[in-house]
Amino acid sequence: MNHEGARRHPPEKKPRRPDRERPSQGRQPGNSHPEPPKTIFCRVRDAFHVFARKSSDVLGSPWAFITAIAIIVSWAVTGPMFGFSDTWQLV
């Protein structure tokens, strides 16, 4: 039964199979040489990816949108109180 406008839940993520996981350090399958340690560039890039993912989850939420709209409306309402001055516009 298909309802127009009904919310669809995203499919649940399947857990990775152990045989498909990539080893993070140590020996690679079929390779006798250990993986070299991560450089500072790789660590910074990984940290940025984690930060970007978490911030996009938070900032892309409906609550973030409602908060932004509330700030804009309150800014517009206070305009006449400050005479629409240059300082008010910059705030």
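Residues numbered from 1 in each chain as written. Predicted model: local features only at pLDDT ≥ 70, side-chain atom pairs only at ≥ 80, totals over all residues. Heavy atoms only, no water.

K.L.:
Is there a simple way to think about the overall build of the protein in this case?
P.N.:
Within the protein one finds three helices and zero strands. Put simply, the protein runs from its N terminus to its C terminus through helices and strands in the order α-α-α. Considering the protein as a whole, with its 91 residues, one finds that 2% of them fall into the buried category. Accessible area for the protein stands at about 9,300 Å²; split by element, carbon and sulfur atoms hold 63% of it. (Helix = DSSP H or I, 4+ residues; strand = E, 2+ residues; numbered from the N terminus. Buried < 20%, exposed > 50% of the residue type's maximum accessible area, 1.4 Å probe, protein only. Areas by Shrake-Rupley, 256 points an atom, 1.4 Å probe, with all protein chains shown as cover.)

K.L.:
So what exactly am I meant to see when it comes to helix 1 (residues 40-59) here?
P.N.:
Structural remark: α-helix, 3.6 residues per turn; residues separated by three or four positions point the same way. Over its 20 residues, helix 1 runs 28 Å from end to end, which matches the ideal 28 Å to within 8%, given 1.5 Å per residue. Taking burial as the measure, the 20 residues of helix 1 include zero buried ones, a minor fraction of the element. (Expected span 1.5 Å × (residues − 1).)

K.L.:
Sorry if this is basic, but what is going on with a nonpolar patch on the surface here?
P.N.:
There is a patch of nonpolar side chains on the surface, built from Trp 63, Phe 65, Ile 66, Ile 69, Ile 72, Val 73, Trp 75, Val 77 and Val 91 and spanning about 990 Å² of accessible area. Tracing the chain through its elements places Phe 65 in helix 2 (residues 62-77). On the basis of relative accessible area, Phe 65 is assigned to the exposed category, the value being 56%. (Patch = residues over 30% accessible without salt bridge, like charges linked within 9 Å, V, L, I, M, F, W, Y side chains within 5 Å. Salt bridge = Lys/Arg side-chain N within 4 Å of Asp/Glu carboxyl O.)

K.L.:
It is not clear to me how the packing of aromatic side chains should be interpreted in this structure. Could you clarify?
P.N.:
For any pair of aromatic rings, geometry is given as the distance between the ring centres together with the angle between the planes. A full pass over the atoms with the stated rule returns two aromatic pairs. Arranged with centres 4.4 Å apart and planes meeting at 5°, the rings of Trp 75 and Trp 88 form a pair that is stacked. Here Trp 75 is found in helix 2, whereas its partner Trp 88 is found in helix 3 (residues 86-90), with 13 residues between them in sequence. Pairing Phe 84 with Trp 88 gives two aromatic rings, centres 5.3 Å apart and planes at 90°, and the pair type is edge-to-face. Trp 88 gets classed as buried once you look at its relative accessible area, which sits at 10%. (Phe/Tyr/Trp six-rings, centres within 6.5 Å; stacked < 30°, edge-to-face > 60°.)

K.L.:
Would you mind going over unusual backbone geometry with me for this structure?
P.N.:
Glycine aside, residues mostly have negative phi, and peptide bonds are mostly found in the trans state. With a phi angle near 55°, Phe 84 is a residue other than glycine that sits in the positive phi range. Among the structural elements, Phe 84 can be located in the loop between helix 2 and helix 3. The exposure class assigned to Phe 84 is partly exposed, which follows from its relative accessible area of 46%.

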